[in-house]
Amino acid sequence: MRKFTIHQRLASGLCLAVLAAACDSGTGPVSSLTDLSLSEANDIGAAFEDDTDVSIGALIYGGTLNNADLSVGTLSAPAMNGAPPRPGLECLVIEPMPPEDPDLDGVPTVLSVHFDPEPCVIPTDRGVSFIFTGALSVADPTPQTAAYDLDETYDRFGHGVAITGGRSFLVVRTGERHVRQEGNSIGAAEAFASVHVVNEQLQRQAVVEWALRFSGEETIVFGRPFPSGSLSIEGTWAFSHEDADRLFRVETAVPLHYDATCTDARPVRRITEGVIHKLLVVNGERVGVLVITWVGCGRPPVREWHRFQDGDRPTDRPTDNPDGGGSDTI
């Protein structure tokens with residue numbers, strides 16, 4: 001599977017394209033601060049959950065356009081079955097039309113989606129407007145074999161909402177995803193940057209470079225219900241918010257259990273157990289770990305921040321031992 005190297009220009013270029021007036025030089029140098037405030041840890045936890053939700057959803061549903069849990073899921077019908085755009089989506093451009101899908105696995109041989117004009121703003125009679133930006137391209141590397149294999153490229157691909165006289169929100173992503181199925185195992189390599197904009201002001205950025213690996217408890221057959229199984233995530237996740245830039249090494253300490261019976265929750269909340277360690281790295285040194293523990297279907301994971309002291313081992317589970325570093329449940 002292809003290995004990615006993602007540079008700071010991915011985030012900074014996306015930032016300039018979305019909100020030039022609010023962005024600076026992108027992710028910049030990592031903050032020298034070696035602790036996390038409660039507020040920052042909560043922001044980091046929410047952003048991390050958003051990114052993992054996108055990744056897990058694309059993995060189990062067979063790509064972004066098939067992921068019904070995303071708000072851009074309204075694009076799925078015209079993209080996948082050749083139907084004309086729904087009312088209000090006249091700005092949606094799909095090429096080719098109808099798409100080719102000889103193996104009928106929901107992943108077109110080649111497909112591109114963009115908006116004209118851009119941004120595409122769809123007003124409603126409730127004073128809420130939906131916003132779509134950028135482009136998404138999809139390809140099936142095995143067009144004659146039904147499977148979860150796919151290649152995706154995001155180019156400022158985003159969605160959001162704006163309330164008349166009120167708040168607005170927009171999230172935009174640039175990057176790529178490659179998914180391959182090998183028997184009962186599915187792997188994904190991803191590298192993307194996401195920018196979150198609130199009220200036309202930059203709120204936060206995140207840059208992902210990681211790999212996911214899912215092993216099913218039952219045979220994985222496209223077209224049948226996706227089985228329960230074990231999931232791991234390994235890689236890096238960088239986060240920028242206001243004056244703080246953070247770099248985390250993401251490690252799966254206890255394999256995540258994906259519960260296929262947990263159908264009323266978004267993908268990341270279908271993890272019922274497991275532990276992720278997010279190691280905070282400053283100037284090449286691991287200075288602390290944000291431990292994320294999943295505790296049941298539909299429930300948010302528990303987050304615990306642990307500061308390393310001399311003698312601490314980064315792979316240790318955090319404890320409230322005053323002689324072994326500080327620990328805070330968030």
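Data block above holds the structure.
So, a few notes on the structure that sits alongside this text. Sequence positions are assigned chain by chain, starting from 1 and proceeding in written order. Where totals are concerned, whole chains, interfaces and linings use all residues; where local detail is concerned, this predicted model gives features only for residues with pLDDT of at least 70, and gives and counts side-chain atom pairs only at 80 or more. With hydrogens and water excluded, all non-hydrogen atoms of the structure serve as input to the side-chain values.

**Here we look at the pattern of salt bridges**
- Between Lys or Arg on one side and Asp or Glu on the other, a salt bridge is scored when a side-chain nitrogen of the former is within 4 Å of a carboxyl oxygen of the latter. Taken as a whole and assessed by the stated rule, the structure comprises 13 salt bridges.
- A salt bridge links Arg-156 to Asp-155; the shortest N-O distance between them is 3.6 Å.
- The network of salt bridges with common partners includes Glu-49, Asp-50, Asp-53, Arg-204, Arg-266 and Arg-269.

**Thoughts on the side chain of Thr-52**
- In this fold, Thr-52 is placed in helix α2 (residues 38-61).
- Any N or O atom pair separated by 3.5 Å or less is treated as a polar contact, with the protein-specific requirement of one donor-capable and one acceptor-capable atom, and with residues adjacent in sequence counted only for side-chain atom pairs. There is a polar contact of 3.0 Å between the side chain of Thr-52 and the backbone oxygen of Glu-49.
- By definition in these notes, contact holds between two residues if any of their heavy atoms fall within 4.5 Å. In contact with Thr-52, other than residues within four places in its own chain, are Trp-210, Ile-233 and Val-268. Runs of E in the DSSP output that reach at least two residues are strands. Runs of H or I that reach at least four are helices, and both are numbered from the N terminus.

**What to know about the state of the cysteines**
- Only a pair of cysteine sulfur atoms within 2.5 Å counts as a disulfide in this structure description. Under the criterion given, the structure shown has two disulfides.
- Shown here is the disulfide that connects Cys-91 with Cys-120, its sulfur atoms set 1.8 Å apart. Taken together, the residues Cys-91 in the loop between α3 (76-81) and β1 (92-95) and Cys-120 in strand β3 (residues 120-123) connect sequence positions 29 residues apart.
- Burial classes: relative accessible area under 20% of the type maximum marks a residue as buried, over 50% as exposed, and values in between as partly exposed (1.4 Å probe, protein chains only). Of the residues examined, Cys-120 reaches a relative accessible area of 2% and is grouped as buried.

**Quick word on the environment of Pro-96**
- Tracing the backbone shows Pro-96 in the loop between β1 and β2 (110-115).
- Residues Pro-96 and Pro-108, 12 residues apart in the sequence, show an inter-C-alpha distance of 9.7 Å.
- If sequence neighbours within four positions are ignored, Pro-96 has contacts with Val-110 and Leu-111.

**Thoughts on unusual backbone geometry**
- A cis amide bond links Glu-95 to the next residue, Pro-96, at an omega of -5°.
- The peptide bond linking Met-97 to Pro-98 adopts the cis configuration, its omega dihedral lying at 0°.
- Note on placement: Pro-98 falls in the loop between β1 and β2.
- Positive phi, normally seen in glycine, also occurs at Arg-156, with a value near 55°.
- Considering the arrangement of structural elements, one finds Arg-156 in strand β5 (residues 150-163).
- Notably, Asn-283 is not glycine yet its phi reads approximately 55°, a positive angle.
- Following the sequence through the fold, Asn-283 ends up in the loop between β11 (271-282) and β12 (285-294).

**Remarks on the packing of aromatic side chains**
- Stacked, edge-to-face and tilted are the three classes for Phe, Tyr and Trp ring pairs, Trp counted by its six-membered ring, which pair at centre distances within 6.5 Å; planes under 30 degrees apart are stacked, over 60 edge-to-face, the rest tilted. Following the criterion strictly, the structure yields 11 aromatic pairs and no others.
- Both rings, one in Tyr-148 and one in Phe-226, keep their centres 5.5 Å apart while their planes meet at 75°; by these two values the pair is edge-to-face. In this pair, Tyr-148 sits in the loop between β4 (128-139) and β5 while Phe-226 sits in the loop between β8 (201-216) and β9 (229-241), placing the two residues 78 residues apart along the sequence. In this pair, the class of Tyr-148 matches that of Phe-226, namely buried.

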